[in-house]
Amino acid sequence: MEDLLPPRSHGGIPVTGTTRRLTTAQALVAFLARQYTACDGVNHRLIAATWGIFGHGNVAGIGQALLESGPEVMPFHQGRNEQAMVHAAVGHARQSGRLSTHAVTTSIGPGATNLVTGAALATVNHLPVLLLPGDTFAGRPADPVLQQLEVPYAGDVSVNDCLRPVSRYFDRISRPEALIPAALNAMGVLTDPANTGAVTLALPQDVQAEAYDWPEEFFRERVWQVRAPAVDPEELAVAVRELRSARRPLIVAGGGVRHARAQDVLGAFAEDTGIPVASTQAGKGALPHDHPQDVGGVGHTGTAAADALARTADVVLGVGTRWTDFTTASATLFQNPDVRFLNLNVRPADAHKMGGHQLVGDARTGLAALRDALKGHRVPADHEAECARLKAAWEVRVSAAYAPASEDARPTQAQVLGVLDTLVTGDDILINAAGSLPGDLHKLWRTRSRDQYHVEYGYSCMGYEIPAAVGVALAAPGRPVWALVGDGTYLMNPTEIVTAVQENLPIKVVILQNHGYASIGGLSDAVGGERFGTAYRFRGPDGSFDGAALPVDLAANAASLGMRVLRAETVRDLREALAQARRSDVPTCVYVETETPDTVSGPPPAQAWWDVPVAETATRTSAVTAREEYERHVTARRRHL
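Note that the structure is a prediction, hence the values are computed from the model and not measured.

A. Broad picture of the overall build of the protein. A count of helices and strands for the protein gives 24 helices and 25 strands. A compact globule built from 641 residues should have a C-alpha radius of gyration of about 26 Å, and the protein, at 26 Å, falls within 12% of that. On the principal axes, the C-alpha backbone points of the protein span a range of 80 × 70 × 55 Å. Here the protein, with 641 residues, has 56% of them falling under the buried criterion. Across the protein, contacts joining residues at least 24 apart in sequence account for 76% of those joining residues at least 6 apart. Looking at the protein as shown, the accessible area adds up to about 25000 Å², and 54% of this sits on carbon and sulfur atoms. The average position of the 57 basic charges and that of the 69 acidic charges among the side chains of the protein differ by 4 Å.

Below you can see the structure in the form of C-alpha cells.
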C-alpha cells in the first residue's frame, strides 16, 4: 500500500502509512491495549493484563506478540494451571466491578480444554474474562497435527468447541482480517452488563503468526460505556403501587446490586422505607451487617431472620438476583399464598422469574427511581419491629457459634470465622467458593464493606479461592486478601501459590483440615448416603474408607511451594497466627485442624430446605428414612407463576 505518512514507531513496531503490518497475534495485543470502559465519568483499562502458559499452539503467536509489545503495552502474568488462570482473571474482574478483566492465553489441546471450568464459572456468574486458546492449523498443511481432535463428521471442529456452550461469545479466527469484527464483538460482550461472561477467540496457530496490513483505525483508543438503563415508567408505576400496598415487604439483594454499584442507594432506600433487606450469596455485603435493615443471607444457607421474613412476605423486591434454588430453598421458602414478586434486573431473562413483575433496568438507577417515587412511604411499624427483633435474636446465635469453650481447645470451623471476625476491618477481603464454608459464611459472617464478601457460589467451584485471591490482590494492592479453603478444595488447585510467591503478593491462605469432603459428607448423611466416599482415610478391613486419617501434611505442601506457614492447634494459637498473617507482607498460610461441630458448638443448622433427590427405593435404613423426610419437604414446593 502507498505510504501516506512518514514511518513512526508504536510499542517497538514500525508503522507505515494508514496501515500497520503485524501478525494477527501482534495486532490483537495492540488492539487490546487500547480498550477502555467508562463508568461514572472514569475510564478503566478493560484488559489490564494477560495470563499465559505457552506451548506450540501459542508460543510463536501470542507469546511472541507479548514479548515484542513489552509490559508497558500489555503486562503479563505466568500461570501454572489454565483453569486457575481463568479464576485469577475472574477474581480480578469481580474486584474491579466488571470494569476491568484479564485475558488468558493457552496452547492447543489440554491447555485449551482446561479453560472450560473457568469459563463456565465466569459465564454463570456474569463476570467478564477473555480467553485466547490456540487452535489447530487453519490451513491444514498436515492433518492431524499434534493434539488435534479428529471428528469423523466435521473437519472444522476442534477441542476448543467445548468452550462454545460456556462462552457468551465464541469465534474462531480462521483468517487475519476476521479478527477485526470478532475483536470488536468480543469487547461489546465483555462490557455488556446484561450479557457479559466468558468470551472466547480461538486462534489457529498458523493464523496467529500470519502477517496482514491492518488499518490504523483498528488500533485507535476505544471507550466502551457501561450502560445503566433506566426502567420503563409504566413498569415502575406498577412496582410503586405494589410496594405501597404491601404490609410485609422484603428486598432480596443479589449480585446485580454489587455490579451496578448500587449499595449506597439500596441503603438509602431501605432506610427511607424501613423495608428489610436479605441477601443472596452474591449480594451479601450490599449492606453492612450492622445496617438496621440488613437481616442477613436468605435461603437454604440463610439466617433465621431473613427466612422467617421470606416465608410471610407479601411483596418481594428482587434486585439483581437470578433466583437460584439456594435462594428460594428449592421453591419452598416464599409460603405466603398471596406473595407477589417484583424483579429489578438488567437481564430480561432474570426479570421475569418467579412469575414476577418485570423492572428491566440497572439496579442503581432503578432503585433511585423507586426511592423518589416512594418518598414519604414507610412499612407498618409492627413489621419494622419484627425485623429488628429477628435480627437481634440471630446476632445472639452468631455470637454463640463464634464463642470458643476454651482458648486451649481445638476450634470448630465457625470458631475459626469468629476469631477472624475479631481481627478484620472493612479493608479485608474474604474469598471462598465451595464446601461447607459458604454456608457458614452466608449465615454468620459480619460483612463490614461492600466488597469484603467474595464468595463464588453461582458455580461453587472447588479450587477457585487461591487463584482468585491472586487476581483480587492484583486489583486491590495493599488490602489484606484471605482465601479460606478446606483440605478438599486446597488439594484441587494449590498451584497459583507459586504465582503469589513469584509476584510477591501477600495473600493469606487459611487451610481448614477436616480430613475429607466435609460438606458433601454432611449432605450424604442427610440423603441416606452414609458419608460414602467422602472421608480422606485409609481403607478399613471391609474395603471402606474408615481407617486412620491419611498422613497428608498440607502445611508442608504449602511451605514447599514457597509460602510462609503458621500452624495453629488451639484457639489461642489460631488467634496469634491469624494476626501474624494479617500483618505479613509475604504470602502466608495459616493451617488449622478443626474440631467437628458434632462434638462441640457449631453453626446453626440450615434454616430452609434444599432439594437433593433421595433414592426412591432402597434397603438401607438410612436411605429409607431420608426418603420419608424428603417426601415431607417436597410437599411444600410451589411454582410461582
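Structure's up, so let's keep going.
B. Broad picture of the nonpolar core. Judged by nonpolar contacts, the single largest core of 51 residues is most densely connected at F334, L441, W482 and L484. For this core, the element with the most residues is helix α15 (residues 381–402), which contributes six residues. If sequence neighbours within four positions are ignored, L484 has contacts with L417, L420, L430, I431, N432, L437, L441, E465 and V510.

C. Representation of helix α16 (residues 413–423) in the model. For α16, the tally of buried residues reaches nine of 11 residues, placing the bulk of the element in the interior. Residues of α16 that are buried include every one of Q413, A414, Q415, V416, L417, G418, V419, L420 and D421, and no others.

D. Main features of the pairing of strand β24 (residues 564–568). Strand direction decides the pairing type here: β24 and strand β25 (residues 588–593), joined by five bridges, are parallel. Bridge assignment links R567 to a residue of β25, and that residue is Y591. Between the parallel elements β24 and β25, the chain passes through helix α23 (residues 571–583) in a crossover that is right-handed.

E. Layout of the side chain of E496. Relative to the elements of secondary structure, E496 occurs in helix α20 (residues 496–503). A distance of 2.9 Å separates a polar atom in the side chain of E496 from a polar atom in the side chain of T495. A polar side-chain atom of E496 sits 2.6 Å from a polar atom in the side chain of T499. Those residues within four positions of E496 in sequence are excluded, and the remaining contacts are W51, Q78, G79, R80, N81, A84, I466, P467 and V470.

F. Molecular detail of the sheet that holds strand β15 (residues 277–279). The six strands are arranged β16-β15-β14-β17-β18-β19 in an open sheet whose pairing can be described as parallel. Every interior strand has two partners, whereas the edge strands, β16 (294–297) and β19 (357–360), have only one. With strand direction ignored, the average angle separating the axes of adjacent strands in the sheet is 20°. The sheet contact formed by strand β18 (residues 340–345) and β19 spans four bridges and is parallel. From the neighbouring strand, N345 faces β19, where its bridge partner is V360. Contacts from helix α10 (residues 263–273) reach β14 (249–253), β15 and β17 (315–319) within the one sheet, and its direction differs from that of β14 by about 170°.

G. Quick look at the sheet that holds strand β10 (residues 169–172). Across the sheet, which stays open at both edges, the six strands sit in the order β7-β6-β8-β9-β11-β10 with parallel pairing between neighbours. Of all strands in the sheet, those bounded by a partner on one side alone are β7 (76–78) and β10. Along the sheet, successive strands turn relative to each other by an average axial angle of 20°, direction set aside.

H. Region of interest: the packing of aromatic side chains. Counting across every chain of the model gives 12 aromatic pairs. Taking 4.6 Å as the distance between ring centres and 10° as the angle between the ring planes, the aromatic pair formed by F31 and F218 counts as stacked. Of the two residues, F31 is situated in helix α1 (residues 24–32) and F218 in the loop between β12 (211–215) and β13 (222–225); the sequence distance between them amounts to 187 residues. For F218, a relative accessible area of 3% gives the class buried. Ring centres 5.7 Å apart and planes at 85° place the aromatic pair W323 and F334 in the edge-to-face group.

I. Looking closely at the pattern of salt bridges. Overall, the coordinates contain 34 salt bridges when judged by the stated rule. The closest approach of N and O atoms between E210 and R175, which form a salt bridge, is 3.0 Å. Separated by 35 residues along the polypeptide, E210 in the loop between α7 (205–208) and β12 and R175 in the loop between β10 and α6 (179–190) bring together distant segments of the chain. Residue classification places E210 among the partly exposed residues on the basis of a relative accessible area of 29%. Across the salt bridge formed by R531 and D525, the nearest N and O atoms sit 2.9 Å from each other. On the accessibility criterion, R531 (36% relative accessible area) is partly exposed. Judged by its relative accessible area of 42%, D525 falls in the partly exposed class. Within the structure, one salt-bridge network assembled from shared partners comprises D135, D161, R164 and R172.

J. View of the packing of α1 against helix α2 (residues 59–69). Where α1 meets α2, the axes come as close as 8 Å, and the angle between the chain directions of the two elements is 55°. Viewed along their axes, α1 and α2 adopt a mutual orientation that is oblique. Note that α1 runs across α2; the crossing there is right-handed. Residue-level contacts link A25, Q26, L28 and V29 of α1 to G61, I62, Q64, A65, L66, E68 and S69 of α2.

K. Layout of helix α5 (residues 116–124). Buried residues of α5: G118, A119, A120, L121, A122 and T123, and no others. Along its buried surface, α5 packs onto α3 (82–95), β9 (129–135) and β11 (198–204). A positive backbone phi angle near 55° is found at H126, which sits one or two residues after α5.

L. Fine view of the environment of R378. One can find R378 in the loop between α14 (363–373) and α15. For the pair R378 and T273, spaced 105 residues apart in sequence, the C-alpha separation works out to 4.2 Å. What R378 contacts, discounting residues up to four positions off in sequence, is E271, D272, T273, G274, Q293 and E384. Within the local environment of R378, its side chain forms a polar contact with the side chain of E384, the two groups lying 2.5 Å apart.

M. Looking closely at the confidence of the model for the protein. For the protein, the mean per-residue pLDDT works out to 95, and 97% of the residues sit at or above 70. For residues 1–13, every residue scores under 50 in pLDDT, and the model assigns this stretch 21 contacts once sequence neighbours within four places are set aside.

N. Highlighting a nonpolar patch on the surface. A cluster of nonpolar residues, F54, V59 and F76, forms a patch on the protein surface that exposes about 240 Å² of accessible area. Note that F54 resides in the loop between β6 (47–52) and α2. When its relative accessible area of 36% is taken as the criterion, F54 is described as partly exposed.

Scoring rules and cut-offs
- Note on numbering: residues in each chain are counted from 1, in written sequence order.
- At least 70 in pLDDT is required for a residue's local features to be given in this predicted model, at least 80 for side-chain atom pairs to be given and counted, and no such filter applies to totals for whole chains, interfaces and linings, which use all residues.
- Each side-chain value is worked out from all heavy atoms of the structure, with water and hydrogens disregarded.
- The numbering of helices and of strands both runs from the N terminus, where a helix is a DSSP run of H or I of at least 4 residues and a strand a run of E of at least 2.
- The atom set for the radius of gyration is the C-alpha atoms, and the globule formula is 2.2 Å times the number of residues raised to the power 0.38.
- Think of it in three bands: with a 1.4 Å probe and only protein chains considered, a residue is buried below 20% of the maximum accessible area for its type, exposed above 50%, and partly exposed in between.
- The contact criterion used throughout is that any non-hydrogen atoms of two residues lie within 4.5 Å.
- Computed with a 1.4 Å probe, the accessible areas rest on the Shrake-Rupley method; for each residue, only the protein chains presented here act as cover.
- In this tally, Asp and Glu contribute negative charge and Lys and Arg positive charge; neither His nor the terminal groups of the chain are included.
- Lys charges are placed at NZ, Arg charges at CZ, Asp charges at CG and Glu charges at CD.
- Residues belong to one nonpolar core when they are buried, are Ala, Val, Leu, Ile, Met, Phe, Trp, Tyr or Cys, and are joined through side-chain atoms within 4.5 Å.
- Think of it this way: DSSP has to see at least two bridges between two strands before they count as a pair.
- By definition, the crossover connecting two strands over a helix is right-handed if that path, from the first strand to the second, turns clockwise as seen with the strands pointing away from the viewer.
- The term polar contact refers here to a pair of N or O atoms within 3.5 Å; inside protein, the definition further demands a hydrogen-donor-capable atom paired with an acceptor-capable atom, and it admits residues adjacent in sequence only when both atoms are side-chain atoms.
- Only the stretch in contact is used when fitting a helix axis, every axis being a line fitted to C-alpha atoms; angles between N-to-C directions are given from 0 to 180 degrees.
- Here a pair means two rings of Phe, Tyr or Trp (six-membered ring of Trp) with centres within 6.5 Å. Their orientation is stacked below 30 degrees between planes, edge-to-face above 60, and tilted elsewhere.
- Any Lys or Arg side-chain nitrogen found within 4 Å of a carboxyl oxygen on Asp or Glu counts as a salt bridge.
- Convention used here: angles under 35 degrees read as roughly parallel, angles over 145 as roughly antiparallel, angles from 65 to 115 as roughly perpendicular, and any remaining angle as oblique.
- The hand of a helix crossing depends on one turn: near helix anticlockwise from the far one by less than a right angle means left-handed, and clockwise means right-handed.
- The predictor's confidence in any single residue is recorded as pLDDT, a number from 0 to 100.
- Every patch collects residues that have over 30% relative accessible area and no salt bridge, joining them within 9 Å if they carry like charges and within 5 Å if they are nonpolar side chains (Val, Leu, Ile, Met, Phe, Trp, Tyr).

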